[in-house]
Amino acid sequence: MKKAISVERVKGTSDQMGAERAAVRCIQGILQDFLASYGYLEIDTPVLEHTELYLRKGGGGVLSKTYAFTDQGGRRLSLRPEFTASVMRAYIEHGQGLPLPLRWQYCGPVFRYERPQQGRYRQFTQLGLELLGSASPRADAEVVALACRALEAVGLKHYHLVLGHLGTALQLLESLGLSERAKTFLLLAIDQLSSKERKLEEIIRDLEEAIPVRVSEEEAKLGASLHSLEPAEAQLMVYGLLRDSNGFTGGREPEEIVGRLLRKLANRDEKKRVEQALDFVAQLCRIKGEPAKALARAKALVTKANLDLNPLMQLAHIIQLLGEHGLEGANITLDFGLARGLAYYTGMVFEIYHERLAKERQLCGGGRYDGLARALGSARDIPALGFACGLERVKEALEAAGGPTQSNLPVDALVVSRTPRAYAYALRVADFLRGAGKRVEMDTKERSVRANLEYAGRRRIPQVVLVEEGDAPRHRFLVRDMESGEERYASFGTA
Ligand code: HAM
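Each value, and the rule that gives it
- Residues numbered from 1 in each chain as written.
- Predicted model: local features only at pLDDT ≥ 70, side-chain atom pairs only at ≥ 80, totals over all residues.
- Heavy atoms only, no water.
- Phe/Tyr/Trp six-rings, centres within 6.5 Å; stacked < 30°, edge-to-face > 60°.
- Buried < 20%, exposed > 50% of the residue type's maximum accessible area, 1.4 Å probe, protein only.
- Lys NZ or Arg CZ within 6 Å of the ring centre and 35° of its normal.
- Pairing = 2+ DSSP bridges.
- Helix = DSSP H or I, 4+ residues; strand = E, 2+ residues; numbered from the N terminus.
- Contact = heavy atoms within 4.5 Å.
- Axes fitted to C-alpha atoms, helices over the stretch in contact; angles between N-to-C directions.
- Expected span 1.5 Å × (residues − 1).
- Polar contact = N/O pair within 3.5 Å; in protein donor to acceptor, adjacent residues only side chain to side chain.

Trainee: Mind showing me how you'd approach the packing of aromatic side chains here?
Mentor: We describe a pair of aromatic rings using the distance from one ring centre to the other and the angle between the two ring planes. Applying the stated criterion across every chain yields a total of ten aromatic pairs. Here Phe34 and Tyr38 contribute two aromatic rings whose centre-to-centre distance is 5.2 Å and whose plane-to-plane angle is 50°, an arrangement assigned as tilted. With a relative accessible area of 37%, Tyr38 lands in the partly exposed category. Seen in terms of ring centroids, Tyr344 and Tyr345 are 4.8 Å apart; in terms of plane orientation they differ by 70°. Their pairing is edge-to-face. For Tyr345, a relative accessible area of 6% translates into the label buried. Put simply, the rings of Tyr425, Phe432, Phe477 and Phe492 touch in pairs and so form one group of aromatic residues. In this structure, Arg122 is placed above the aromatic ring of Tyr113, and the distance from its NZ or CZ to the ring centre is 4.0 Å. Of note, Arg476 hangs over the ring of Tyr489, and the distance from its end group to the ring centre comes to 3.9 Å.

Okay, structure coming up:
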């Protein structure tokens, strides 16, 4: 019989099994428990969403990578490329009566049409959180500090935090009264300039296409005389002129010509403003480095452009609060070119990198997105922010750093019963320790004490609890500290 051609897994996806699966689950468990200890409750949302959800504020980079299709019922659906929009949609649908702030955490598969390579997949697992309902810099500091601490909780130490703020650039866009199209263009430009994906000259060339302006000599003259008029007056005047002349109608209806001309002139004005904004943004994007110095440079630029210093003051406040969270020693860089490829961010943004992963592969990313609720149909603004990390990347960083991996993930204690009769009591001791928040392993191989101590040493388990028959009536157990070798009795009241 002819052998059937095998069906392979989809490119950019992976099968996880055995030890590898255990490692990812273990990292997931540690992170989820850690976030829960800060009051973040779980939320789960569907993998399928209406594509519209991502069109509202999904923005350039990620939106273009979304797996979108039409189902049998003719609905435009997408596999979620991230959780944030879904969490906000769920809040608007069911959560509006809940007291704010809300702290939610999630974990699950997300899908992006990427060019697959090491650390970049088409299906990967995001674990993250969203904090809804607080506009205070304290919320920003909590979220950034939690992202750093969460990585420390799984054993990653040498990470690098990059902080930015989109407030200044967005404020400039607002002050120039640009159209949504021009704003989206500029946001994408920030991303491209900061990632050095494109040069300023190339972006200016793109601008010709994004905002087409080809104004003839006659149109330009007419435009100059319209300059000081209100739009309605301008319309009337052009209409009158066209009625009296056959100069450049080209057989088209006067209304059509008036409309087109006014649009062209508006485009020309807008294009000039976008060019000005691009020039400022290009200068801002170049500012990166040690926080105090970068802030001083940004302040000088913003003051010169007559813009509000508030976003910079907020960023300085967040950095000070991060110090209060004990992150003053963390390796922090400011980068005013950080835009993150998602159009919903409005304020502080951040990314975390690890020295053992390639530079462009961040472990975590997040920021503040105060405008998303309204864009998704909320009647009021809901300040919100969050972050997500890619679990596969966290695992890869741990492996690369030689830290705890599948075979030696952090366990706080190993409980050993010295005799079969002590086993039932040893199980109770292990449960008691788990109840006290420790991660506890039981010896299930019935090994000797020596073999168990050797095993604990190899796994870097800091404590071994040795239980024997006489301990049960006295409600005690012996705890051996593996580093010092010291042994002490603990009881259910004192462990
Ligand atoms: P993001 O930076 O697009 O942010 O993704 C978050 C994390 O997912 C990244 O830091 C990275 O670790 C991981 N990741 C992204 N793409 C891939 C890939 N192709 N393969 C493997 N891992 C990947 C967001 O998605 C935002 N929703 C984060 C957020 C939450 N902002 C506010 N709240």
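Trainee: In this structure, what is going on with the sheet that holds strand β7 (residues 159–165)? I would like to understand it.
Mentor: Sheet strands associate in pairs through backbone hydrogen bonding, adopting either a parallel or an antiparallel arrangement. On the basis of which strands lie adjacent, the open sheet formed by nine strands has the order β1-β5-β6-β12-β11-β10-β7-β9-β8 and mixed pairing. The open sheet has two edge strands with one neighbour each: β1 (41–42) and β8 (288–289). Here strand β5 (residues 102–111) pairs with strand β6 (residues 123–132) via ten bridges, running antiparallel. Among the inter-strand pairings, Val110 is bridged to a residue of β6, identified as Phe124. Together, β5, β6, β7, β10 (348–354), β11 (364–368) and β12 (384–390) form the strand contacts of helix α5 (residues 137–153), whose direction differs from that of β10 by roughly 10°. Packed on one face of the sheet, helix α13 (residues 310–327) meets β7, β9 (331–335) and β10 and runs near 155° to β7.

Trainee: Help me understand α5 in this model?
Mentor: Each α-helix turn comprises 3.6 residues. Residues three or four places apart therefore point the same way. Given a rise of 1.5 Å per residue, 17 residues ought to cover 24 Å, and the 24 Å separating the end C-alpha atoms of α5 matches this to within 8%. Here α5 lies mainly inside the structure; 13 of its 17 residues are buried. Put simply, Ser136 is the residue that caps the front of α5, since its side-chain oxygen is 2.9 Å from the backbone nitrogen of Arg138. After α5 finishes, the residue Gly155 shows a positive phi value of roughly 105°.

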